[in-house]
Amino acid sequence: MATTLSWCFTLALFMVILMASISSSLANMANMNVIDKCWRGNPLWRSQRQQLAKCSVGFAGKMINNIGKDVVKYKVTDLSDDPLSPKSGTLRYGTTMIKGKVWITFKNSMTITLQRPLLLSSFTAIDGRGVNVHITGAGCLLVYQVTDIIIHGLRIHHCRAQPPSTVMGPNAKVIPLGQMDGDAIRLVTARKVWIDHNTLYECQDGLLDVTRGSTNVTVSNNWFRNQDKVMLLGHDDGHLRDRNMMVTVIFNHFGPNCNQRMPRVRHGYAHVANNFYQGWEQYAIGGSMSPSIKSEANFFVAPNDVGNKEVTWRKGEKGLWKFYSVGDVLKNGASFNKQTGVGGAKPNYSQEQNFKVVNAMFVKELTSESGVLQCSRSLIC
Ligand SMILES: *[C@@H]1O[C@H](CO)[C@@H](O)[C@H](O)[C@H]1NC(C)=O
Ligand SMILES: *[C@@H]1O[C@H](CO)[C@@H](O)[C@H](O)[C@H]1NC(C)=O
């Protein structure tokens with residue numbers, strides 16, 4: 001009798017805790033942004049990981065090419081790295097040796113120290129949810145001439161420069177690489193890429209480069225901190241192919257201790273919306289070679305003393321660049337030297353790319369869980 005009673009009591013207590021956990025998670029959901037709301041309320045997210053692919057918005061569109069019955073589910077079990085003959089179980093094996101669509105997860109928390117830059121094949125999703133994955137070392141991630149890439153839930157930091165080298169590439173082909181400057185993630189002629197909920201910091205060169213004709217990119221829910229050059233969109237002033245570059249930058253947290261390029265844009269177009277800027281030193285948003293930037297409903301907090309209070313920086317002939325600011329909130333003396341011309345640089349999203357930009361007053365809340373999510377603690381991620 002006594003044991004039955006105590007068993008009932010334990011069960012009741014368990015139910016109460018479970019309900020409390022679900023209801024507090026559901027309460028949190030009210031404050032989630034449109035991407036997170038799409039999947040984070042699902043208590044079965046661990047077994048339904050591919051649901052994430054339909055949650056993206058912005059220029060990447062929905063990542064439906066990454067999912068389906070033909071996806072290979074691959075689990076990383078081995079933190080070692082061999083750049084030329086990757087062992088089965090390692091991350092590099094998953095990103096290069098498997099044909100077709102692959103959805104990569106991690107068996108446990110681990111730190112992977114890359115021996116050389118890591119190449120990704122088309123139709124690859126790297127999904128770090130539920131464990132703590134750190135990636136560091138030489139490189140780091142190189143998204144080179146591929147499409148349909150999801151990078152989610154990784155901590156990428158202390159990436160070092162790498163002189164020209166050879167590495168295993170997509171479809172198990174060894175390829176030669178040029179000099180790598182030491183960026184956390186670098187896109188080169190890549191299309192349809194979604195970078196979501198990663199924490200990026202302290203790399204030798206920058207945290208994210210989108211270069212050489214890359215386009216249809218969404219950068220969302222990431223936390224960028226402790227970095228001089230944060231995000232470069234557009235290869236160099238002479239690279240005219242970047243005129244067609246379209247990038248969406250939303251729900252990210254920049255800072256503390258970021259100096260410049262959040263982002264810096266050359267040639268192309270960037271929709272920068274609902275981001276939280278926790279200071280800067282030189283500037284937050286900048287560009288050259290007549291880029292178009294729509295800065296919309298961001299929350300800018302200018303640096304306290306030494307830094308520059310102006311959000312923007314620009315190079316080149318006045319009138320050629322188009323920097324629009326719509327609904328931005330400027331705090332602590334911040335200013336935005338905007339263009340007052342016509343057009344407003346609308347992103348012209350298709351239906352699947354479109355999303356509602358929220359009032360900037362809610363941005364701090366909507367970005368409060370940017371970076372890698374702590375999914376292991378509660379039922380709902
Ligand atoms: C970018 O996305 C749009 C809309 O999905 C598509 O029409 C266009 O072809 C894509 N651009 C490239 C270069 O893939
Ligand atoms: C959206 O369309 C308008 C009107 O055609 C155009 O001025 C603007 O450049 C377009 N935006 C982009 C990002 O192409």
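In what follows, the structure referred to is the one given above.
Notes on the structure in this doc start here. The residue numbering used here restarts from 1 in each chain and proceeds along that chain's sequence as written. Each chain takes a letter, starting from A, and each ligand takes a number, starting from 1, following the order in which they are written. Whole-chain, interface and lining totals are the exception, using all residues; otherwise, since this is a predicted model, local features are given only for residues with pLDDT of at least 70 and side-chain atom pairs are given and counted only at 80 or more. The side-chain values count all of the structure's non-hydrogen atoms but skip hydrogen atoms and water molecules.

## Here we look at the overall build of the protein
The line we're drawing: Comment: elements are numbered from the N terminus, with helices defined as DSSP H or I runs of at least four residues and strands as E runs of at least two. To get the radius of gyration, use the C-alpha atoms; to get the globule rule, take the number of residues to the power 0.38 and multiply by 2.2 Å. With a 1.4 Å probe rolled over the protein chains alone, any residue whose accessible area is under 20% of its type maximum counts as buried; one over 50% counts as exposed, and the rest are partly exposed. Whether two residues are in contact is decided by their heavy atoms, any of which lying within 4.5 Å being enough. With residues, only the protein chains shown are counted as cover, and all accessible areas are computed by Shrake-Rupley using a 1.4 Å probe. Positive charge is attributed to Lys and Arg, negative charge to Asp and Glu, and no charge count is given to His or to the chain ends. The location of each charge is read from NZ of Lys, CZ of Arg, CG of Asp or CD of Glu.
Helix and strand counts for the protein stand at four helices and 30 strands. Taken over the C-alpha trace, the protein has a radius of gyration of 21 Å; the compact-globule value for 381 residues is 21 Å, and the two agree within 12%. Judged by the C-alpha coordinates and their principal axes, the protein covers about 85 × 50 × 40 Å. Here the protein, with 381 residues, has 58% of them falling under the buried criterion. Long-range contacts, defined here as pairs at least 24 residues apart, represent 65% of the contacts in the protein between residues at least 6 apart. With an accessible surface of roughly 16,000 Å², the protein has 55% of that area assigned to carbon and sulfur atoms. Separation between the mean location of the 42 positive side-chain charges and that of the 26 negative ones in the protein comes to 5 Å.

## Some words on the packing of aromatic side chains
Put simply, the rule reads: Here is the rule: rings of Phe, Tyr and Trp (six-membered ring for Trp) pair when centre to centre is within 6.5 Å. Planes less than 30 degrees apart are stacked, more than 60 are edge-to-face, and the remainder are tilted. In this scheme, the term charge over a ring applies when either NZ of a lysine or CZ of an arginine sits within 6 Å of the ring centre and within 35 degrees of the ring normal.
Tallied over the entire structure, the rule returns 13 aromatic pairs. Residues phenylalanine 254 and tyrosine 277 carry aromatic rings whose centres are separated by 4.8 Å and whose planes lie at 20 degrees to one another, so their mutual orientation is stacked. Of the two residues, phenylalanine 254 sits in strand S20 (residues 253-254) while tyrosine 277 sits in strand S24 (residues 276-278), which places them 23 residues apart along the sequence. This pair shows no difference in class: phenylalanine 254 is buried, exactly as tyrosine 277 is. Of the aromatic side chains, those joined through ring pairs into one cluster are Phe224, Phe254, Tyr277, Trp280, Phe300 and Phe336. Geometry around tyrosine 201 places arginine 225 over its ring, the cationic atom sitting 4.1 Å from the centre. When the ring centre of tryptophan 223 is taken as reference, the NZ or CZ atom of arginine 225 above it lies at 4.5 Å.

## Focus: the pairing of strand S18 (residues 227-233)
For clarity, the cut-off: Strands qualify as paired when DSSP identifies two bridges or more between them.
Along S18, five of the seven residues are buried, which leaves the element largely enclosed by surrounding structure. Looking at chain direction, strand S15 (residues 206-211) and S18 are connected through four bridges and run parallel. Across the sheet, glycine 206 pairs through a bridge with lysine 229, a residue of S18. Where S18 meets strand S21 (residues 258-260), two bridges bridge the pair, whose relative direction is parallel. When the sheet's bridge partners are listed, lysine 229 is paired in S21 with glutamine 260. Note: S18 against strand S22 (residues 264-266), two bridges, orientation parallel. Note that in S22 the partner of leucine 232 across the bridge is arginine 264.

## Comments concerning the site of ligand 1
Heads up, the rule is: Near, as used in this document, describes a residue that has one of its heavy atoms within 4 Å of the molecule or strand being considered. Any pair of nitrogen or oxygen atoms within 3.5 Å is treated as a polar contact; in protein, a donor-acceptor pairing is required on top of that, and neighbouring residues in sequence qualify only through side-chain atoms on both sides.
Taken together, Arg191, Thr215, Asn216 and Gln353 make up all the residues around ligand 1. With respect to ligand 1, the side chain of arginine 191 contributes an N or O atom lying 3.1 Å from an oxygen atom. Here an oxygen atom of ligand 1 and a side-chain polar atom of asparagine 216 are 2.2 Å apart. About the coverage of ligand 1: the protein hides 42% of its 360 Å² of free accessible area.

## Things to note about the environment of proline 43
Along the chain, the position of proline 43 falls in the loop between helix H2 (34-39) and strand S1 (72-76). Between the C-alpha atoms of proline 43 and serine 378, which are 335 residues apart in sequence, the distance is 9.2 Å. Excluding residues that lie within four positions of it along the chain, proline 43 makes contacts with Leu379 and Ile380.

## Some thoughts on the state of the cysteines
Under the convention used in this document: In this description, a disulfide is simply a cysteine sulfur pair whose atoms lie within 2.5 Å.
All chains considered together, the criterion is met by three disulfides. In this model, cysteine 38 is linked to cysteine 55 through a disulfide, with the two sulfur atoms separated by 2.0 Å. Residues cysteine 38 and cysteine 55 are joined through a disulfide that is left-handed, its torsion about the S-S bond being -70 degrees. Residue cysteine 38 is located in helix H2, and its partner cysteine 55 is located in the loop between H2 and S1; the two are separated by 17 residues in the primary sequence. Given a relative accessible area of 31%, cysteine 38 falls into the partly exposed group. When the bonded cysteines of the protein are numbered from the N-terminus onward, they pair as 1-2, 3-4, 5-6. Cysteine 159 supplies the cysteine sulfur nearest to cysteine 203, a cysteine that is in no disulfide, at a spacing of 3.5 Å. Between cysteine 258, a free cysteine, and cysteine 203, which holds the nearest cysteine sulfur, the sulfur-to-sulfur gap is 11 Å. Since its relative accessible area comes to 2%, cysteine 258 is described here as buried.

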